2 protein chains.
Amino acid sequence: MNEINWEAGAAWMKGELIPVSQASVPVTDWGLTHSDITYDVVHVWDGKFFRLDDYLLRFENSLRKCRLSVEQSRQDMRHILHQIVARSGLRYAYVSFVASRGQPLVAGCRDPRECANHFYAWCVPFVWVFTEDVIERGVRLHVDEQVRRIEQHAVDPTAKNYHWGDFTRALFAAKDAGFDNTLLLDERGNLTEGPGFNIFIIQDGIVYTPRSGVLEGITRQVAMEICAANGVTVQVTDVSLDQALQADELFATTTGGGIIPVTRINNHVFSNDAPGEITSRLRDSYWQLHNDPAMSEAVCY
Amino acid sequence: MNEINWEAGAAWMKGELIPVSQASVPVTDWGLTHSDITYDVVHVWDGKFFRLDDYLLRFENSLRKCRLSVEQSRQDMRHILHQIVARSGLRYAYVSFVASRGQPLVAGCRDPRECANHFYAWCVPFVWVFTEDVIERGVRLHVDEQVRRIEQHAVDPTAKNYHWGDFTRALFAAKDAGFDNTLLLDERGNLTEGPGFNIFIIQDGIVYTPRSGVLEGITRQVAMEICAANGVTVQVTDVSLDQALQADELFATTTGGGIIPVTRINNHVFSNDAPGEITSRLRDSYWQLHNDPAMSEAVCY
């Protein structure tokens, strides 16, 4: 028997701890066939969950918005997340927890109210949404006005979801054009978000971030808290592409890397093509917060 | 060892024929986590695939639109579909074939161009999108103007996809209000489609169906062919909700049941709350076509 490589990641499914490579969802599960599923992702840094309560609370809100109901309580979920990270032994991890509509209780039924919803979770080594060299030089984002973000009266972006078709199309265009990633506009031409990150602009010392059409990111929230603690004004408002192109600095926020400098959008260059000064200070504060015991919870390895 | 119940369905995955209940997709596959996946569904009726070439051709188009590339040729796919239905022994089947983005070739990579795309297929007993008693009395559809169809500049509805978040929200509202199913409007208030079906209206003997924001359904195509063969004019055009509410008759089309009478939208009643006369004739023609050797291909059991 081959030795199991738990460091590649672990999963919890139907009460069992298994290697992540063995964790799968039936091809007929509506979580797959209808993308009728919600999830969340928390990170473990230096052996500690960062802001786990915030992620668990957001996940509960997503469940309610999606009318998904699972057996596990918040404490059960917390316990499961500790278990999978401990089993993997990972000290830096990307930890995903998921609730799926599941399959109809009666074969062939098409009523979403009559399905066996289920919860599962998995972790893998920490995922950087942007590579470290890209973070150092600043992220180059592509905006393709031909592809717009799914509108919130179609799919609610505040219930974290796997509807990435718009992101994927735009990401292909961005990669083809030599950019690191993409940023999507809504129907009115306002900034929304990119695949896995929120966006902020800084103009004359004031920080702005889109108010609608976006996930209410935990790292977005942390960035706003850091600004508040440092006397930097933040406005949550509509931000048009034109406004963004006039910005002094830009940054992205994501669980997969924190506060990330953005230095280009299409052919516009910001902050001398290098990470901006305010952005860099916020980024330092973000990582310092990981040493604050109030923000973290040690994994029970 | 328990005997395998192949009649519940069969699947083809990585070169192997397995019971559908054993077919699954990894929790980290982008087909799941980004709903970065396309599929098609053909039906087998009385031991024969109906219009299989049309479905295979549409699937190839979906692959191209999604920039997915799989090893299997059209002939390979055809062979696989025959194999799974033959293995199941089902004479009336819902046959799904799928291509997923898969997983990145390098762990942690976020570039959709660098993934191991893969193909799989599965079949289960024929699925009726509407139950037979509902088809007999006529379908009652709910239109909820608060939920709109995902726009085509976000996700292309002509590449058949699992982005059903809008459908699911609207379906909950429909079921809660006591309706059979839902029909979604686009941003401008025009009809689009429902979950798994296209819509047609008939006014003064002319048949209309939405031109955009919809899957180009094979059953929709067959319905238009039947109309043409019977001298009935079809216009593929924008159809507003107001126009639809003035219609003499309505019907839906789906691989999961063919041409289906619709008798109500919200509190509007059509064709005396019974299947319309033209609709019923079209429906009869649809089933008669299943006896036309040019339309079908016998499963190699």
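All values derive from a computational prediction rather than experimental measurement.

So, how was this worked out
Residues numbered from 1 in each chain as written. Chains lettered and ligands numbered in written order. Predicted model: local features only at pLDDT ≥ 70, side-chain atom pairs only at ≥ 80, totals over all residues. Heavy atoms only, no water. Contact = heavy atoms within 4.5 Å. Buried area = accessible area lost by both parts, 1.4 Å probe. Salt bridge = Lys/Arg side-chain N within 4 Å of Asp/Glu carboxyl O. Helix = DSSP H or I, 4+ residues; strand = E, 2+ residues; numbered from the N terminus. Nonpolar A, V, L, I, M, F, W, Y, C, P; charged D, E, K, R; others polar. Pairing = 2+ DSSP bridges. Buried < 20%, exposed > 50% of the residue type's maximum accessible area, 1.4 Å probe, protein only. Right-handed = clockwise from strand over helix to strand, strands pointing away. Domains from an automatic or database assignment. Axes fitted to C-alpha atoms, helices over the stretch in contact; angles between N-to-C directions. Parallel < 35°, antiparallel > 145°, perpendicular 65-115°, else oblique. Left-handed = near helix turned anticlockwise from the far one by under 90°. Disulfide = S-S within 2.5 Å.

Peer 1: I'd love a proper account of the interface of chain B and chain A, names of residues and values included.
Peer 2: Taken residue by residue, the interface counts 52 residues in chain B and 52 residues in chain A. Where chain B abuts chain A, roughly 4,500 Å² becomes buried across the two surfaces, and 61% of that area is made up of carbon and sulfur atoms. On the chain B side of the interface with chain A, the three residues burying the most area are Val27(B), Arg110(B) and Phe172(B), jointly 17% of the side's total. Between Asp176(B) and Arg67(A) there is a salt bridge, and its shortest N-O distance comes to 2.6 Å. Put simply, the parts of the chain that give the side of chain B that touches chain A at least two residues each are strand 3 (24-26), helix 1 (30-33), strand 7 (118-125) and helix 5 (165-176) of chain B. Looking at the side of chain B that touches chain A, the element that brings in the most residues is helix 5 of chain B, giving eight residues. Along the lines of polarity and charge, the residues of the side of chain B that touches chain A split into 24 nonpolar, 13 polar and 15 charged. As defined by bridge partners, strand 3 (residues 24-26) of chain A adjoins strand 3 of chain B across three bridges and the pair is classed as antiparallel.

Peer 1: Residues and numbers for the pairing of strand 12 (residues 206-210) of chain B, please.
Peer 2: All names here are of chain B. Within strand 12, four of the five residues are buried, which leaves it mostly tucked inside the rest of the structure. Sheet topology places strand 11 (residues 197-203) next to strand 12; three bridges connect them, and they run antiparallel. Each residue of the ladder has a partner; that of Ile-202, found in strand 12, is Val-207. Counting the residues between successive antiparallel strands, the hairpin from strand 11 to strand 12 contains two residues, one of them, Asp-204, with a positive phi of roughly 50°. Of the pairings in the sheet, the one linking strand 12 to strand 13 (residues 234-237) comprises four bridges and is parallel in character. Paired with Val-207 across the two strands is Val-234, which belongs to strand 13. In this region the chain leaves strand 12, passes through helix 6 (residues 218-229) and returns to the parallel neighbour strand 13; the handedness of that crossover is right-handed.

Peer 1: Can you lay out the domain arrangement of chain A for me, pointing to particular residues and giving the numbers?
Peer 2: All names here are of chain A. If you check the domain split of chain A, you get domain 1 (6-125) and domain 2 (132-290). If you average the C-alpha positions of domain 1 and of domain 2, the two centres end up 26 Å apart. Residue-level contacts link 21 residues of domain 1 with 21 residues of domain 2. Roughly 1,800 Å² of surface becomes buried between domain 1 and domain 2 when both sides are summed, with 59% attributable to carbon and sulfur atoms. If you sort the residues of domain 1 by the area they bury against domain 2, Tyr-39, Phe-50 and Arg-58 come out on top, with a joint share of 34%. Where domain 1 meets domain 2, there are one salt bridge. Between Glu-225 and Arg-51 there is a salt bridge; the shortest N-O distance is 2.8 Å.

Peer 1: Please provide a residue-by-residue account of the packing of helix 2 (residues 52-66) of chain B against helix 3 (residues 74-88) of chain B, values included.
Peer 2: Residues and elements named next belong to chain B. Remark: helix 2 packs on helix 3, axes separated minimally by 11 Å, with the N-to-C direction vectors making an angle of 125°. In terms of orientation, helix 2 lies oblique with respect to helix 3. As for how helix 2 packs across helix 3, the hand of that crossing is right-handed. Contact residues: helix 2 offers Leu-52, Asp-53, Leu-56, Leu-57, Phe-59, Glu-60 and Leu-63, while helix 3 offers Arg-74, Met-77, Arg-78, Leu-81 and His-82. Tallied by class, the residues present in the contact of helix 2 with helix 3 amount to seven nonpolar, one polar and four charged.

Peer 1: Can you tell me about the state of the cysteines, naming the residues and giving the values?
Peer 2: Applying the stated criterion to the full structure yields zero disulfides over all chains. Cysteine Cys66(A) shares no disulfide, and the gap to the nearest cysteine sulfur, in Cys115(A), comes to 13 Å.

Peer 1: So what's going on with the environment of Val129(B)? Which residues, and what values?
Peer 2: Turning to its location among the elements, Val129(B) is positioned in the loop between strand 7 and helix 4 (132-137). For Val129(B), a relative accessible area of 10% puts it in the buried group. For the pair Val129(B) and Glu7(B), spaced 122 residues apart in sequence, the C-alpha separation works out to 20 Å. Every residue in contact with Val129(B), bar those within four places of it in the chain, is listed here: Arg110(A), Asn181(B), Pro195(B), Phe197(B), Thr254(B) and Gly256(B).

Peer 1: Please provide a residue-by-residue account of the pairing of strand 1 (residues 10-13) of chain A, values included.
Peer 2: All names here are of chain A. The side-chain alternation of strand 1 yields two buried faces, one formed by Ala-10 and Trp-12 and the other by Ala-11 and Met-13. In terms of strand pairing, strand 1 meets strand 7 (residues 118-125) through four bridges, oriented antiparallel. Each bridged residue has a counterpart across the sheet, and for Trp-12 the counterpart in strand 7 is Ala-121. Pairing analysis gives four bridges linking strand 1 to strand 2 (residues 16-19), with the strands arranged antiparallel. Across the sheet, the residue bridging to Ala-10 is Pro-19, located in strand 2. Joining the antiparallel neighbours strand 1 and strand 2 is a turn of two residues, in which Lys-14 adopts a positive phi near 50°.

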